[in-house]
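What follows is each chain in one-letter form.
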Amino acid sequence: MELESIKEQIWDLSLPEVIKLWDGLEKEYGIDAVRELCKVDRYYLLVRACGRVDALHPWLYERCREVERRPDDMLDLWAREHYKSTIITFAGAIQAILRDPEVTISIFSHTKGIARKFFRQIKYELESNQVLLKAFPDVLWENVRQAPRWAEETGLVVKRKNNPKEATLEAWGLVDG
């Protein structure tokens, strides 16, 4: 199943239309649809695969589509509690890892503690989300004890072919390492 070709069509659908499309694709293709939709539709990943029904709102749907259309070279100035970190840091990092397990992502914040809060949220999702574990057995560890690294201090390493010195996901503070 190849959904990359309909990605931009998905982006142009209204929220009710995209939910109807998701339902149809899941019914017809099962876990293959889940896998492909997670890679091409960040909003699907967030709301359906990660179960974040709190983000099921037309305004958040539009913000997610904006981020997907132009992910780079933007200064995202959103008010607090408007899901910027949820859409960009949480869902964005997970989607990047699922698309390309060879990626290396570092979360930076003013202090290590703040960065590690995001890290822990992503770590928990990657180790406990049964939908993602079923859809991405080639990327995610069923038993994280088998992972080369899976801790806050050392970072997370998903299943990958190469062995760069950087972990798949790390978190750092600008003032305290």
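Residues numbered from 1 in each chain as written. Predicted model: local features only at pLDDT ≥ 70, side-chain atom pairs only at ≥ 80, totals over all residues. Heavy atoms only, no water.

**Details of the pairing of strand β1 (residues 105-109)**
Taking every second residue as pointing to the same face, the buried face of β1 carries I105, I107 and S109, while none of S106 and F108 on the other face is buried. Pairing of β1 with strand β4 (residues 169-173), which is carried by five bridges, proceeds in the parallel orientation. Across the sheet, F108 pairs through a bridge with W172, a residue of β4. (Buried < 20%, exposed > 50% of the residue type's maximum accessible area, 1.4 Å probe, protein only. Helix = DSSP H or I, 4+ residues; strand = E, 2+ residues; numbered from the N terminus. Pairing = 2+ DSSP bridges.)

**Section: the packing of aromatic side chains**
What characterises a pair of aromatic rings is the spacing of the ring centres plus the angle enclosed by the ring planes. Counted according to the given criterion, the structure contains three aromatic pairs. Plain terms: the ring middles of W22 and Y43 are 6.1 Å apart, the flat faces sit at 35 degrees to each other, and that makes the pair tilted. Here the residue W22 occupies a position in helix α2 (residues 15-29), and Y43 occupies one in helix α4 (residues 42-49), the gap between them amounting to 21 residues. For the pair W22 and Y43, one class covers both residues: buried. (Phe/Tyr/Trp six-rings, centres within 6.5 Å; stacked < 30°, edge-to-face > 60°.)

**A few points about the pattern of salt bridges**
A complete count under the given rule lists 13 salt bridges for this structure. The partner of R48 in a salt bridge is E26, with the nearest N and O atoms 2.8 Å apart. In this pair, R48 sits in helix α4 while E26 sits in helix α2, placing the two residues 22 residues apart along the sequence. Judged by its relative accessible area of 27%, R48 is partly exposed. The salt bridge partner of K39 is E36, with a shortest N-O separation of 3.4 Å. Of this pair, K39 and E36 both sit in helix α3 (residues 31-40), three residues apart, which is roughly one turn of the helix. The burial state of K39 is the same as that of E36; both residues are buried. Within this structure, D23, E26 and R48 form a network of salt bridges that share partners. (Salt bridge = Lys/Arg side-chain N within 4 Å of Asp/Glu carboxyl O.)

**Some thoughts on the nonpolar core**
Grouped together as the largest cluster of nonpolar side chains are 49 residues, with contacts concentrated most on C38, I94, L98, L132 and L140. If one sorts the elements of this core by residue count, helix α6 (residues 84-99) sits on top with seven residues. With residues near it in sequence (within four places) discarded, I94 still touches L45, C50, I122, E125, L126 and L132. (Core = buried A, V, L, I, M, F, W, Y, C linked by side-chain atoms within 4.5 Å. Contact = heavy atoms within 4.5 Å.)

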